Structure formats: C-alpha cells, structure tokens
Amino acid sequence: MDALKPLIYDLDRDGLKEILTGWNQPAFRVNQIWDGIYKNLKSAPSEWSNLPADLKTLLSERMSFQALKPVDRLQSEDGETVKTLFSTPDGKSVEAVLMKYEQRHTLCISSQAGCAMGCVFCATGQMGFSRNLTGGEIVEQVLYYARLLKTENEFVTNIVVMGMGEPFQNYDNTLEAIDRLNDSRGFNLGARRFTISTVGLIPAIQRFAVEKRQVNLAVSLHAANNSLRSQLLPINRKYPLEELIPVCREYIEITGRRLTFEWALIQGVNDRPQDARELVDLVRGMICHVNVIPLNPTQSFTGKATTADRARDFAAILNEAGIPCTIRLRRGIDIQAGCGQLAGKHKN
Ligand code: SAH
Ligand code: SF4
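Note that the coordinates shown come from a computational prediction; the quantities given were computed from them, not determined experimentally. (Residues numbered from 1 in each chain as written. Chains lettered and ligands numbered in written order. Predicted model: local features only at pLDDT ≥ 70, side-chain atom pairs only at ≥ 80, totals over all residues. Heavy atoms only, no water.)

The next subject is the overall build of the chain. For the chain, the helix and strand inventory stands at 12 helices and 12 strands. Along the first, second and third principal axes, the C-alpha set of the chain runs to 70 × 40 × 35 Å. Looking at the chain residue by residue over its 348 residues, the buried ones come to 57%. Across the chain, contacts joining residues at least 24 apart in sequence account for 67% of those joining residues at least 6 apart. By element, 48% of the accessible surface of the chain is carried by carbon and sulfur atoms, the whole surface being about 15400 Å². Between the centroid of the 41 positive side chains of the chain and the centroid of its 39 negative side chains there is a distance of 1 Å. (Helix = DSSP H or I, 4+ residues; strand = E, 2+ residues; numbered from the N terminus. Buried < 20%, exposed > 50% of the residue type's maximum accessible area, 1.4 Å probe, protein only. Contact = heavy atoms within 4.5 Å. Areas by Shrake-Rupley, 256 points an atom, 1.4 Å probe, with all protein chains shown as cover. Lys, Arg positive; Asp, Glu negative; His and termini not counted. Charge placed at Lys NZ, Arg CZ, Asp CG, Glu CD.)

A separate point is the site of ligand 1. In the vicinity of ligand 1 there are 17 residues, among which Gly165, Ser197, Ser220, His222 and Asn296 approach most closely. At 2.9 Å from a nitrogen atom of ligand 1 is found a main-chain nitrogen or oxygen belonging to Gly165. Contact distances for ligand 1 include 3.5 Å between an oxygen atom and a backbone N or O atom of Thr198. Contact with the protein chains hides 91% of the accessible area of ligand 1, taken as 530 Å² for the molecule alone. Every element with two or more residues in the shell around ligand 1 is listed here: β8 (194–198) and β10 (259–265). Among the residues forming the shell around ligand 1, the class breakdown is 7 nonpolar, 8 polar and 2 charged. (Near = heavy atom within 4 Å. Polar contact = N/O pair within 3.5 Å; in protein donor to acceptor, adjacent residues only side chain to side chain. Nonpolar A, V, L, I, M, F, W, Y, C, P; charged D, E, K, R; others polar.)

Time to look at the pattern of salt bridges. In total, this model carries 16 salt bridges according to the counting rule given. Where Asp183 meets Arg185, a salt bridge forms, and the shortest distance between an N and an O atom there is 3.5 Å. You can call Asp183 buried: its relative accessible area is 13%. A relative accessible area of 47% means that Arg185 is categorised as partly exposed. Residue Arg272 pairs with Asp275 through a salt bridge whose shortest N-O separation is 2.8 Å. Each of Asp172, Asp179, Arg207, Glu211 and Arg213 takes part in one network of salt bridges that share partners. (Salt bridge = Lys/Arg side-chain N within 4 Å of Asp/Glu carboxyl O.)

Turning our eyes to something else, we now look at the domain arrangement of the chain. For the chain, the domain assignment lists domain 1 (8–62) and domain 2 (69–347). Every contact between the two is made by 14 residues of domain 1 and, on the other side, 16 residues of domain 2. Buried surface at the junction of domain 1 and domain 2, summed over both partners, amounts to about 1200 Å²; 56% is from carbon and sulfur atoms. Taken as a group, Tyr9, Tyr38 and Leu41 account for 49% of the area that domain 1 buries against domain 2, more than any other trio of residues on that side. Where domain 1 touches domain 2, the interface holds 0 salt bridges. (Domains from an automatic or database assignment. Buried area = accessible area lost by both parts, 1.4 Å probe.)

Quick look at the pairing of strand β11 (residues 288–294) now. Counting buried residues along β11, 7 of its 7 residues qualify, which places the element largely inside the surrounding structure. Alternating positions in β11 separate into two faces, Cys288, Val290, Val292 and Pro294 on one and His289, Asn291 and Ile293 on the other, with burial throughout. Note that the unit made of β10, helix α10 (residues 273–283) and β11 has a crossover that is right-handed. Judged from the 3 bridges that link them, β11 and strand β12 (residues 325–327) form a sheet pairing that is parallel. Looking at the pairing, Val290 lines up with Cys325 of β12. In this fold, the crossover linking β11 to β12 by way of helix α11 (residues 308–320) has right-handed handedness. (Right-handed = clockwise from strand over helix to strand, strands pointing away. Pairing = 2+ DSSP bridges.)

Put into structure tokens, the structure is as follows:
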C-alpha cells in the first residue's frame, strides 16, 4: 500500500507546508516534522513525541516514510565498508555503500535503478536501465545510513553520487536530493561534501557549470583517446574527447573549482606508461585531480584489475607531470561493493 502514498522525502518544505495546510494544521508543524526527519532522523510518525495523535495518524495513513526496503546487507571483513541492497516499491534494486576511512564516513549513493550508458566494465551498465530514482528515494538512501550511524554516535561526512546510474541523466532529481540534504534548516550537509560523478554528458556539465554550485564534479575518463574510450564507454561516440575536454576546461573556468577525473585501471588496456603520458597531454594545464582505481572485475567483462605496482607507476607519471593523482583503494572488494555488483547478483 505504501507505494500508493506520496513519499515524504519527495517533498520540499513548501510541499510539506501545503499538505499540512490542507489538513488544517498550524504552520509550526512544518518545522516539527522537518526537524524530526532531517535533524533527529526519525523514521516513522510514531517516533514524534511532540505531535498530536491525530496528526500522527494522518501522517501514517497518507504519507509513506519508507520507499526503500533493505533486502540484503553486507559488511566487509574489516567492518569498514557496509553495502545495502534496497528494493523500491515497484521491485527495483538500488544499492548504497558506506565507506569508513579515518575520520570520514563517505556514502556512495545511487541515482537510477540500472543505467542506460552501457559502459562495458560496469555491473550496472551490464544490467541496463530500469528507471530514474525520485529525489526522495535518493534522499532516503542517505537517511538510512545516517540513522544507522547515529546508533554509533557517528554521522555521514561525505556523499558521492557514484552508485548505480548516471546522475546527469536524472539531473533534476539528483540535484533536488542534494539541495534537500544541504538545507541548513535540516540535514545541513555542506555542498562541498557532495561529489557528482558523470560519464561525461556534455549538456549537463554545461548546465551544472553555470549553476555555480559548490558541489564537486568528477568525470569518468578511463581513456585518453577516442578509440579506446568509445570501446569502454559507448557514450564517447556521442560526446567525444575533443568536445568533452574543452567543456571540462570551461567548467573549471566558470566555477573556479578543481575537477576530478576518474580512471579505472585495467591491466594492459589503460594502465601502461604510454596511457599515463597520453592522459598527461590531454589534461595539461587544467586545474584537475586524477583518481585512479584498480578495476573491480565484473561478470561480463574480461578485463582484469591492474597490479599495485602498475597503479603506482601510473600515478607517479601523472604526479611528476604536475597532475595530482591518487590511487583509490578498492574498498569492500570482498562484499562486491563495486557499482551495481550486488544488484547484479540478485537479478535472475
Ligand atoms: N554513472 C556515473 C557514476 C556512477 S559510476 C559515472 O559513470 O561516472 C561511478 C564510477 O565507478 C565511474 O567512474 C565508473 O566508471 C566507475 N566504475 C564502474 N564500474 C567499475 C568497475 N567495475 N571497476 C572500477 N570502477 C568502475
Ligand atoms: Fe552507467 Fe556510470 Fe556504470 Fe557507465 S559507469 S554504465 S555511466 S553507472
């Protein structure tokens, strides 16, 4: 039944106000409910001790407080990575992963069920596209983990939209979710704590640039020439490097922000010294940072992860050329924490 009720996390403050006004509720109830959800991390109307019983009944009868049902949860051996597979009311799979690292609690969330971009090494790409997530469904992934962390007196410090899906294909809902979580009267996570990763959808990057948000942007590059990039990321045929890179330069100019490029190192494919040098030539002069990560092997892709030595050599070439490069650890490899990998396992 919940599926038929509007999800409360899909509402902004005005939307909530409108509903409450329709129920003849005084305006201050908006704050009580908003604070309850986004500051105190309540998950059901029964948890509000400051609301009258009849309003709690209305809320439970007419609004949904849970669209995402956790159906599987995996924890890495070191306990530092927790991955949850959720099921939406219409039976779609969505994943979110929490990575604890030093003082950081970074959450990797999904923007779509599946993905239409078809990147060959990506488990989500291999399963195809189901649908866009709503803003509320994106927000709920964060609230789920925030509630979990609260039981340990901890909180979410960073959010990366690097789970399932292409966030710039679901631009409005993704940004709506970030705005909701950024709201200083609610969840209040600073805009700089968010990173959106895109496969390189040019019109959306241009739109994002002129909106001048403080949110970080990462572009998945993985290859510095069109022939390899088109093989790995089919969208490169539509938005090739000679168009993508100038738009990235423009983004940096307009926003004054450092851009991140992502590079999944695949043994013998894009992890050789000449690949690193090609990348140096491509991004020279840009205020950027390169994140390399050894490939997470997936079912339908024969490529292998690079070795630690080769990853270090690759990063060294970039660093020596003045392009900051960090090697991201493969977190949670034992729990299939790579993009879309858990959902892929559950799909029959
Ligand atoms: N659709 C967006 C964000 C989700 S994917 C994008 O493509 O950027 C997040 C990152 O994980 C991307 O850089 C993507 O290329 C990378 N990725 C996907 N599958 C991977 C795998 N099997 N191993 C390593 N990185 C992978
Ligand atoms: Fe989609 Fe990103 Fe996976 Fe490509 S890498 S298929 S864009 S989720």
